[in-house]
Every structure is written in structure tokens, then in C-alpha cells.
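Structural overview
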Amino acid sequence: MITAGIDIGSTTAKGAILKDGHIEAVTVMSTGYDPKGAAETVFQTLLEKAGLDRKDLEAVVSTGYGRKNVGFAGRSVTEITCHAAGARLLSPTAATIVDIGGQDSKVIVLDSTGKVADFTMNDKCAAGTGRFLEVMASALQIDLASLAEFSARADATVAISSVCTVFAESEVISLISKGEKRENIIAGIHAAIGSRIVSMAGRVKARPPYIMTGGVALNRGVVRVLEERFQSDVTVPELAQVNGAVGAALIAADRNG
Amino acid sequence: MATPDEKKIKADKRLREIMTEYYIEAKTPKEQTGKKIAWITSGGPVEPLHAMDVIPIYPENYGAMCGAAKMSTELCEKAEEMGYSSDLCSYARGDIASAAVNGGPIGGLPEPDMLICCNNICGTVLKWYQVLARYFDVPLFVLDTPVCHTGYEKETDIYVRHQIGEYVAFLEAVCGRSFDYDRMDEVGTLSVKAQKLWQKVLDTTVNKPAPMTCFDAFFHLAMIVTLRGTQTAVDYYELLLEEMNDRICKGISKVEPERYRLIWDNLPVWYKMRWFSDKFGAHNAGFVADTYTSGWCGTLPYLDENDFLGSMAESYTRIFLNTGIDHMADNIVKMVEKYDADGVVFHSNRSCKPYSFGQYDIQRIVGEKTGTPCLMIEADMCDERKFSETQVETRIDAFIEML
Ligand code: SF4
């Protein structure tokens, strides 16, 4: 059976095509201002990559913030459930998923069968999300992708006390003007995200093995902080960014199966 | 399947009529009614006011009306402009602003002759009523009810009973006549009757399917808050109870089929009631009980009909919001069992600190004791700026997928 999962996040749109439980194609692009258009493009790209035609697909499930904007999907399922399903394929032993995306972060705890046992999401505040890192990177005038590299060179961690993104930004600016090293500030930013996640994890009784998904999983700096705080390995599956889309495609197959 | 018309609760109409009459009388010039007006906090002892023929006005009830009419945010902004913090309870902000600009659906509340503030619900009301006392330049009576975490101390009882005496003296002074104890007995009896009836109405949702949801209860609550102690409230709840029992006989419910039975914690999100009800309803989930509406009959066991005035001390001190986390958690655990609920939804309400502060612990305790899935939603009862629809929607959908 061939199915697709389309995950329309606030920053990136992701897709996956599965054939009998095997991944045929995945893709990631930016969502931009038009989630509907992004969904269509993701779908087209996937079909091309997999060398398939629309009619070859038996079911499509959409997920993510824009899940209701995907007209061609048979149904929509939240990213919480999809991440759990994705992890069952990509990291079958995982007990806890830390997912940090563009505008929210979640901690999902799985039961022994891989189903969602409990979850928690950040509140309306952007602290502890990808957006927080974007704002900080631009305040520090460095590329988002090089944050991890910088923090690896830190010789100290500067404390960032504000939990609010806007306040933290001005705090960072004043730290720069005080002459703090960028590396150390970035280490502090990663530590701040780590603290937010750890307190969320505490609420839902997160336990190892941990995996991390979502765009921020690509930042080794954040992953390292989480490993220290959890005192446990945090695995980033190779296809971490498309975990939700893979889960959606799996759920699509399940309904039919 | 019941038709949309059958699903409607007929008593709604009567409630609207009574509340309209109530506000019309309150807004009629005092020279015509000859009655004084007292503004009182939602958890305050209203019965002595009825005994003295004083019209009680509830700024919080009006706050709910403003919220449901989506007029609160503007009032909150006005209050912020006046210098009040956006972290202040949105009922307080809305009321203070509405007093200044005559805002809200009925163009502001009638001016008070006195203010009655009981801090059994929160500390906010103290400062709020002090502001009102200065603004209107009217006397303020404060009933101070110490928090009772689990039990009820003798010292507390002596302390609060003493204040009830002061309350009576305050009313005598402001009204310029002596207190009518016989009338007080009648009012007390009617209050107990209404509370018992309200509890019975809330108990009807034990039935599967439930004849109403908590969104209905939030609406029908208006009368037990404002008019308990009157024959009107007793008659109304008799009518409502009869209708609920009739719905049970006919198998009429709001959510059809009722797949999930949920419990709501905290105040409603007034400006999104319909949205929540539709959202959960679409998943065939109905709220069969809540911790809020039962707050107005939860202390019945402490009331003594033969000594209503005296026993008010204990019953007003031991209300839900004036107890500790263990007690609050225990209350929800019992509700889960009583109503055979499949899940609990906690509204973490930005406005109401005493209600929201311990919710994470309560959630944990309820989860551990009952194994029931719990969901936390962040919002505010009146300030729409504190609500993010997409975020809440995702949480609700994921919660239902989890059930
Ligand atoms: S803080 Fe809570 S209890 Fe106090 S007035 Fe506001 S809503 Fe009511």
C-alpha cells in the first residue's frame, strides 16, 4: 500500500511517501505565507521523487499547524499523534519525544506500545521554540545553522534570565554591548531552551530513551544541553525533521489496513 | 436523534426573562424602588442582603455577561489605560473600567450604596473593592475568611462568626433600620432549598447520556449566584430540574452520541463558549460536570437551616476556592468517579490565580489517583488577547486522539 503524510508546520512544510512501511520519498521546504500552496508543492515534489502518480496513492493524512489547509488529504491528525507514529518506525525504542518546531515545542511520552500516554506543549510564549533561536541568531548576526558550532566553542555559559523572547532579545543585545563573547551568549541561549524543555518534561514524567525531532533537532548545541540536563542520550533520528510526516503516512496506511 | 429544537433547553427563556427583570429593577431609579443596592463578590454572603431588601449586584456576573458579549477585551484595555496591570483579573479590570465608562451590554451597572467583599474567592477582590469604595465613596464591608486547607479550625469559626455579627450591624447602619431576623430565617430556608435543587440539577448529568453539558450549567448558574435566598430561584430550579428529568426520560442529550464524558476545571472561557462546545461536540465529547458551577452548592453540608446566619461562617469559609490543593484534587477525583468521566480538561486561567495556581499539581494527583487523561489549556475567562485558537485546537484534537 502506498500512502503519503503531509506536515505543514509554521516554518517548514514536510512530506513523506511510504510503500508497505518503507520510506519511498521525503521532502522539506519552507512554508512561506501560503500553507495551501506549500502543501501542493510538497506533494508534487514527493510524487516526482518517488516516480509516482497521484492515483497511485491510497490515502493521504495531513498534520501540523496547517493540517486543515491540505484539501487533498483524506483526513487530518495532530502532530502529537503523528510524531508518536513516526517514532514507532524511525526509533522504535523511544519512550519520550522532544519536538521543537518553529512556533512550538512539545514533549510527548509514549506508552509501551508506542502510543501517546501524555503530552505537553509550550504555552503561548515563543521562548523555547525555533522562533526564539531565529530571533537570537539575528540579534547576534549569525546564521541559524551555525549556532551549534558557536556554542561548542563557548568557555562559559552566560545566564539568560528572561523567559520572554522579546525581553531575552534585549537582554542578549545588552550582553553584547557589555562585551560578552557571542559563543558564551549562544551557550546561554541553548541552556535557556533546555530549562524550558526540562520543566515541561517533568510535568509529563518523561523518561529515557529520548529522541528529538523537529527543526531544532538539527542544532547539536540544544541536543547537547538536553543530554546534560536529562543525564541521558538524546538521539536524533536521521529523518528527524520529517518524523511527523512519516507518522502521518503510517496513520494513513493504518486506516486502510 | 433529537431535533435541534428538542435539544434546546426550554427553561433558558425563563432564565433570560428573570435576569432581565432583575437588571431592570436594579437599574430603576432608587426613588421608585425604594431599595438600596449592594455590590457583592461572587462568593459573598448574599442572604442577609435579601433579608434587608437590598438588591445585590454581582460585578463578576456582569463580567461574565461582558465576556460572553465579547465586550470585555475593550474594557480591559480601558482599565490598562487607566493604569491597571494587564495581569490583574479580567473581571476586576472589566468592572473598574465599566464603572468609569458605563460599558458592557447593559451600559454599566447601577451605582452601589454599599460594597460587600468576601475574600473567600481570592485576594484580588480586596483591592478591587477598595478601589470601588474610593471611586463611589460608599461604605465597604469586608468579610475575612481564612484559608482552610483541609479542615476547619475552631478559631476560624469564632473569628468569622464574630464578623457575621459585624456584617449585620453594618447593614443596620447603612439601611438605617434594625435587622429582620425572622425574614432572615425565611431567606435562609429558601437559600438552602435553591442550593439543594441546584445540586440536583447538576447531578442529573450522572445519567448517560447527560441531559445537559457544563456549558449549559455555566448559563443556568446565574440564578444561584445572584438570587439564592429568593422564591424566584427556588421556582426556577424546580422548573429546570423537571425539564432535565424529562430529557433523561426521553433520552435527549446535547452531545449525540455521547462517546466521551469530560470534566471541566476552572471558569469558562466566556467569549469562546460556543467554540469549545462545538469543538468538543464534533468529537462526540461532552462536559458532564465542572468544578465551577458546583461551587455554589458545595458547602451545603456545613449549612444549618435552624441557624443559617451562624452556620454561614463555616459554609462561606469552606468554599472550594478557599481550600488547599489536596482538597481541590480530591474534589475532582470524586467527580471523575461520580460522573464516570473519561478525561479532565483544566483551563489554566490567566486571570484567576487562586483557581489556576495549583493546577499542575492537581492534574498530577488526579492522574495518579484515577488514571484519567488530563489536558491543560491556557486562556483567560474574559480577555480574548490571552487566547490562541490554533494552539488550543491542536491540544484538544491531540487529547481526543489520545482518548
Ligand atoms: S481572581 Fe478569580 S476569584 Fe478573584 S475575582 Fe478574579 S476570577 Fe474571581
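Residues numbered from 1 in each chain as written. Chains lettered and ligands numbered in written order. Predicted model: local features only at pLDDT ≥ 70, side-chain atom pairs only at ≥ 80, totals over all residues. Heavy atoms only, no water.

Below, the discussion takes up the environment of R274 of chain B. Note on placement: R274 of chain B falls in helix α13 (residues 273-282). Along the primary structure R274 of chain B and Y62 of chain B are separated by 212 residues, whereas in three dimensions their C-alpha atoms are 19 Å apart. (Helix = DSSP H or I, 4+ residues; strand = E, 2+ residues; numbered from the N terminus.)

Another aspect to go through is empty space enclosed by the protein. For the coordinates displayed, the defined rule picks out three cavities of 30 Å³ or more. By volume, the largest cavity amounts to about 140 Å³. F119 and T120 of chain A together with Y360, Q363 and M376 of chain B are the residues nearest the centre of the largest cavity, which is lined by 13 residues in total. Elements that contribute at least two residues to the lining of the largest cavity include exactly β8 (116-121) of chain A together with α17 (359-370) and β8 (374-379) of chain B. Roughly 70 Å³ of volume is contained in the second largest cavity. P59, Y62, G63, C66, S72, L75, S90, Y91, G94, D95, S98 and C382 of chain B are the residues that line the second largest cavity. Counting only elements with at least two residues in the lining of the second largest cavity, the list comes to α5 (59-68), α6 (72-81) and α7 (90-101) of chain B. With five residues, α7 of chain B is the largest single contributor of residues to the lining of the second largest cavity. (1 Å grid on protein atoms, 1.4 Å probe; cavity = no way out; pocket = protein on both sides within 12 Å on 5 of 7 lines; lining within 4 Å. Points joined across faces, edges and corners; volume = space filled by probe spheres on them.)

Contacts between the two partners involve 19 residues from chain A and, on the opposite side, 21 residues from chain B. Here chain A packs against chain B, burying approximately 1,600 Å² in sum over the two surfaces, 54% of which is carbon and sulfur. Connecting chain A to chain B are four salt bridges. In this structure, E368 of chain B and K205 of chain A form a salt bridge, with 3.5 Å as the shortest nitrogen-oxygen distance. At the surface where chain A touches chain B, the tally comes to eight residue pairs in polar contact (both at pLDDT 80 or more). Mapped onto the side of chain A that touches chain B, the elements with two or more residues apiece are α2 (79-90) and β8 of chain A. Per-element tally for the side of chain A that touches chain B: the top contributor is β8 of chain A, with five residues. Of the residues that constitute the side of chain A that touches chain B, the class distribution is seven nonpolar, four polar and eight charged. (Contact = heavy atoms within 4.5 Å. Buried area = accessible area lost by both parts, 1.4 Å probe. Salt bridge = Lys/Arg side-chain N within 4 Å of Asp/Glu carboxyl O. Polar contact = N/O pair within 3.5 Å; in protein donor to acceptor, adjacent residues only side chain to side chain. Nonpolar A, V, L, I, M, F, W, Y, C, P; charged D, E, K, R; others polar.)

Counting 158 residues, the largest nonpolar core has Y91, W198 and F276 of chain B as its most contacted members. Excluding residues within four positions of it along the chain, F276 of chain B makes contact with F215, W264, V269, G281, I377, F387, V392 and I396 of chain B. Grouped together as the second largest cluster of nonpolar side chains are 40 residues, V98, M136, A201 and A206 of chain A included. (Core = buried A, V, L, I, M, F, W, Y, C linked by side-chain atoms within 4.5 Å. Buried < 20%, exposed > 50% of the residue type's maximum accessible area, 1.4 Å probe, protein only.)

This paragraph deals with the side chain of N122 of chain A. Structurally, N122 of chain A can be placed in the loop between β8 and α3 (130-139). With near-sequence residues (within four places) excluded, N122 of chain A lies in contact with Q103, D104, S105, T129 and M200 of chain A together with E378, Q391 and R395 of chain B.

This part takes up the packing of aromatic side chains. How two aromatic rings sit relative to each other is set out by the distance from centre to centre and by the angle between their planes. On inspection of all chains with the given rule, the structure shows 26 aromatic pairs over all chains. Ring centres 5.5 Å apart and planes at 45° place the aromatic pair F141 of chain B and F170 of chain B in the tilted group. Placement of F141 of chain B in strand β4 (residues 140-143) and of F170 of chain B in helix α9 (residues 154-175) is noted, with a sequence separation of 29 residues between them. Summarising the burial analysis for this pair, F141 of chain B and F170 of chain B share the class buried. By the ring-pair criterion, three or more aromatic residues cluster together here, those being F215, F218, W264, W270, Y271, W275, F276, F280, F287, Y292, W296 and F387 of chain B. Above the face of the Y360 of chain B ring, R203 of chain A is positioned so that its terminal group lies 4.2 Å from the ring centre. (Phe/Tyr/Trp six-rings, centres within 6.5 Å; stacked < 30°, edge-to-face > 60°. Lys NZ or Arg CZ within 6 Å of the ring centre and 35° of its normal.)

All names here are of chain B. End to end, α17 covers 16 Å across 12 residues, agreeing with the expected 16 Å (1.5 Å per residue, within 8%). Of the residues making up α17, those classed as buried are Q359, I362, Q363, I365 and V366. Looking straight down α17, one finds its buried side chains confined to an arc of 165°; they lie on one side. Where α17 is buried, its residues meet β5 (260-265), α15 (325-338), β7 (343-349), α16 (353-356) and β8. (Expected span 1.5 Å × (residues − 1). Arc of directions from axis to C-beta.)

Residues and elements named next belong to chain A. Assigned domains within chain A: domain 1 (1-91 + 241-257) and domain 2 (93-236). Distance from the C-alpha centre of domain 1 to the C-alpha centre of domain 2: 26 Å. Contact residues are listed per partner, giving 13 residues for domain 1 and 23 residues for domain 2. Between domain 1 and domain 2, roughly 1,400 Å² of surface is buried when both sides are summed, and carbon and sulfur atoms account for 64% of that area. It is I80, S91 and Q241 that lose the most area in domain 1 upon contact with domain 2, and together they represent 38% of the buried surface on that side. Across the contact surface, domain 1 and domain 2 share zero salt bridges. Our count for the domain 1 to domain 2 interface comes out at seven residue pairs in polar contact (both at pLDDT 80 or more). If you tally residues by element for the side of domain 1 that touches domain 2, the top one is α2, at seven residues. Within the side of domain 1 that touches domain 2, the residues separate by chemical class into four nonpolar, seven polar and two charged. (Domains from an automatic or database assignment.)

What follows is about the sheet that holds strand β2 (residues 12-19) of chain A. Hydrogen bonds between backbone groups are what pair the strands of a sheet, and the pairing can be parallel or antiparallel. All names here are of chain A. The strand order across the open sheet formed by five strands is β3-β2-β1-β4-β5, and the pairing between neighbours is mixed. Here the strands that pair on one side only, and so sit at the sheet edges, are β3 (22-30) and β5 (75-76). Direction of pairing for strand β4 (residues 59-63) relative to β5: parallel, over a ladder of two bridges. Note that in β5 the partner of V61 across the bridge is R75. (Pairing = 2+ DSSP bridges.)

Residue and element names in this part refer to chain B. Locating T204 in the fold gives a position in the loop between α10 (181-203) and α11 (214-226). Residue class for T204 comes out buried when judged on its relative accessible area of 7%. Within the local environment of T204, its side chain forms a polar contact with the backbone oxygen of V201, the two atoms lying 2.6 Å apart. Discounting residues that sit within four places of it in the chain, T204 has contacts with P211, L241, M244, N245 and I248.

Here we take up the confidence of the model for chain B. Per-residue pLDDT for chain B has a mean of 95; in total, 100% of the residues score no lower than 70. For this predicted complex, the interface score ipTM comes out at 0.77, alongside a pTM of 0.87. (pLDDT = per-residue confidence, 0-100.)

Turning our attention to the packing of α6 of chain B against α7 of chain B. Residue and element names in this part refer to chain B. Closest axis-to-axis distance for the α6/α7 pair is 8 Å, and the angle between their directions is 80°. With respect to their mutual orientation, α6 and α7 come out roughly perpendicular. Seen from α6, the contacting residues are L75, C76, K78, A79 and E80; seen from α7, they are S90, R93, G94, A97, S98 and V101. Of the residues that constitute the contact of α6 with α7, the class distribution is five nonpolar, three polar and three charged. (Axes fitted to C-alpha atoms, helices over the stretch in contact; angles between N-to-C directions. Parallel < 35°, antiparallel > 145°, perpendicular 65-115°, else oblique.)

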